[in-house]
Amino acid sequence: MKYQLIIVEDEVLAAEKQIHSLQFKLTEQYTRLQSLQEKWSEIQLILLEIRTKLDAGQKVTVEHLPQSRKELHDKTQEIKNLQDHLYTVCETLDTVKREVAKLQDTQDLPDIGGVMGEVSLLRRTLETVTVLLVVKMEVINEKLHQWHQFDEEAEKLLSWAQLFTVRIEEQNVYFEDEVCLLKTELANQKDFFLKTTELGEQLMEDCNDVTVQDKLEEIKRVWETVHKLWAQREEKLQSFLQKCKKLEQDTISFDRWLNNIEHQLSKSVIYQEVSEKEINRQKVILEEIQQDIENHAGNVLDIISTCDALISECESILAPSKKDNLLKNVKSLENRWKQATNLTTNRISSIQETWSLWEKF
């Protein structure tokens, strides 16, 4: 009986040890399962956060461009922040993949395969969103560049218009020296104006920004003003050129006639015979020359009057050197005409004196 009691006690002790061992194993298993649950929950939260970030990135890629420059700059900063977040997402996915692989090695969990598939899907989505964000950033940067380019070109055009207006109105723009240069410059700036307005109108279609609209209207208004001023100036210049050409033709014609008169007066008076008839013949020749000279008095006055009018009315058109030459030429013609007149009168008086001397003999 005593022996049997000992056997029972041994069996009880063995059972207690076994129970204690089982309790320890269960506690250990519980702790491991609890850690596993926490890790699993942590992975699910991480995946949820990644999905949220990717959804935010996808939303940005399909949004329309903002309407204002400030909004474009804000959107640029937003995309940069998203790109920084997505860079960490890539590292997080790698970490999740390693953790899930460890769990798969230690526990036979039914959802492991689904999680690994989701990680792969999220990685592919991440790559797609990353590329789309880069493209979106390039589009915004290009638009900002166009905006900056429009501002610069508009300012250049307005500055040029201001200087050009001063140049065509100032007192030292001379027809012969600068008109062709100004016309060429205006033609070149017209191409620049058309490109700038085209860029501004394109920005208006894309963004409809009030600052672009105001600047666009300003450069169009200024260009129209410049064009009108130049048209008025060019009309005056063309009128001046026609007057100059006419004056040049008149002076050439008068000079040719005067050369002929001077040539006739340069000849010595040669009497073919000593008689009153010869005296009268010589007087008739000189009187005809004198009459011709008097008939051209109006031409001289016209040339002088035209010259004075051009100089006084078009002071800002005629270069100083050209003006001086014109004055000298006209003054020279006037003096030569007066000399021819005086010479003719003197010749006639000399002939009359000659006849008086002949009568004494």
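Each residue is numbered by its place in its chain's sequence as written, counting from 1. Residue-level local features of this predicted model are given only where pLDDT is at least 70; pairs of side-chain atoms are given and counted only at 80 or more, and the full residue set underlies all totals for whole chains, interfaces and linings. Side-chain measures were taken over the full set of non-hydrogen atoms in the model, leaving aside hydrogen atoms and water.

Asks: Could you give an account of the overall build of the chain, naming the residues involved and the relevant values?
Replies: Put simply, DSSP H or I for four residues or longer makes a helix, DSSP E for two residues or longer makes a strand, and each gets a number counted from the N terminus. Broken down by element type, the chain carries 8 helices and 0 strands. Put simply, the chain runs from its N terminus to its C terminus through helices and strands in the order α-α-α-α-α-α-α-α. The buried share among the 361 residues of the chain stands at 32%. Contact criterion: two residues are considered in contact whenever any of their non-hydrogen atoms come within 4.5 Å of each other. By sequence separation, contacts in the chain at least 24 residues apart represent 83% of the contacts at least 6 residues apart. Accessibility here uses a 1.4 Å probe with only protein chains present; expressed as a share of the type maximum, an area under 20% marks a residue as buried, one over 50% as exposed, and anything in between as partly exposed.

Asks: If you had to explain the packing of aromatic side chains to someone new, which residues and values would you point to?
Replies: Pairing of aromatic side chains here covers Phe, Tyr and the six-membered ring of Trp, requires ring centres within 6.5 Å, and sorts the geometry by plane angle: under 30 degrees stacked, over 60 edge-to-face, intermediate tilted. In total, this model carries 5 aromatic pairs according to the counting rule given. Considering the side-chain rings of Phe 254 and Trp 257, the 5.3 Å spacing of their centres and the 40 degrees angle between planes classify their relative orientation as tilted. With Phe 254 and Trp 257 both in helix α5 (residues 210–266) and 3 residues apart, the pair spans about one turn of that helix. Grouping aromatic residues by their ring pairs yields a cluster made of Trp 160, Phe 164, Phe 193, Trp 223 and Trp 230.

Asks: A description of the pattern of salt bridges should follow, citing residues and the corresponding values.
Replies: By definition, a salt bridge exists where a carboxyl oxygen of Asp or Glu is found within 4 Å of a side-chain nitrogen of Lys or Arg. With the rule as written, the count across this model stands at 11 salt bridges. Between Asp 74 and Lys 70 there is a salt bridge; the shortest N-O distance is 3.1 Å. In this pair, Asp 74 and Lys 70 are both assigned in helix α2 (residues 69–106), 4 residues apart and thus about one turn of the helix distant. Here Asp 74 falls in the partly exposed class, since its relative accessible area comes to 41%. By relative accessible area, Lys 70 is classed as exposed at 60%. Residues Lys 228 and Glu 224 are paired through a salt bridge, measuring 3.5 Å at the closest nitrogen-oxygen approach.

Asks: Summarise the packing of α5 against helix α6 (residues 276–295); cite the residues concerned and give the values.
Replies: In this analysis, axes come from line fits to C-alpha atoms, helices being fitted only over the stretch in contact, and the angle between any two N-to-C directions falls in the range 0 to 180 degrees. For the pair α5 and α6, the least separation of the axes is 11 Å and the interaxial angle reads 155 degrees. Our classification of the angle between α5 and α6 gives roughly antiparallel. Considering how the two elements wind past one another, α5 and α6 form a crossing that is left-handed. Across the interface between the two elements, Trp 257, Ile 261, Gln 264 and Leu 265 of α5 pack against Leu 286, Ile 289, Asp 292 and Ile 293 of α6. Any angle that falls under 35 degrees is termed roughly parallel, while one over 145 is termed roughly antiparallel, one within 65 to 115 roughly perpendicular, and all others oblique. For any helix crossing, the convention is left-handed if the near helix is rotated counterclockwise from the far helix by under a right angle, and right-handed if that rotation is clockwise.

Asks: I'd like to hear about the nonpolar core, residue by residue, with values.
Replies: Only buried Ala, Val, Leu, Ile, Met, Phe, Trp, Tyr and Cys residues count toward a nonpolar core, and they belong to the same one when joined by side-chain atoms within 4.5 Å. Within the largest apolar cluster, 43 residues are counted, with the highest numbers of intra-cluster contacts made by Trp 160 and Phe 164. Elements with a minimum of two residues in this core: α1 (2–62), α2, α3 (112–169), α4 (175–207) and α5. With 17 residues, α3 is the single largest residue contributor to this core. With residues up to four places along the chain from it excluded, the contact list for Trp 160 reads Glu 185, Leu 186, Gln 189, Trp 223 and Val 226. Ranked by size, the runner-up nonpolar core spans 25 residues in total, among them Leu 258, Ile 261, Ile 279 and Leu 286.

Asks: How would you sum up a nonpolar patch on the surface? Please name residues and give values.
Replies: A cluster of nonpolar side chains, Val 131, Val 135 and Val 139, forms an exposed patch at the surface whose accessible area comes to about 230 Å². Topologically, Val 131 is positioned in helix α3. In this analysis, a patch consists of residues with relative accessible area above 30% that form no salt bridge, clustered at 9 Å for like charges and at 5 Å for the nonpolar side chains Val, Leu, Ile, Met, Phe, Trp and Tyr. Method for areas: the Shrake-Rupley scheme with a 1.4 Å probe, in which residue coverage is limited to the protein chains shown.

Asks: Describe in detail the confidence of the model for the chain, supporting the description with residues and values.
Replies: For the chain, per-residue confidence averages 78 on the pLDDT scale, and 79% of positions sit at 70 or higher. Mean pLDDT across the elements of the chain ranges from a minimum in α1, with 67, to a maximum in α6, with 86. How sure the predictor is of each residue is captured by pLDDT, a score from 0 to 100.

Asks: How would you summarise the side chain of Thr 197 if you had to cite specific residues and measurements?
Replies: By the secondary structure assignment, Thr 197 is in helix α4. If we ignore the near neighbours within four places in the chain, the residues touching Thr 197 are Leu 216, Ile 219 and Lys 220.

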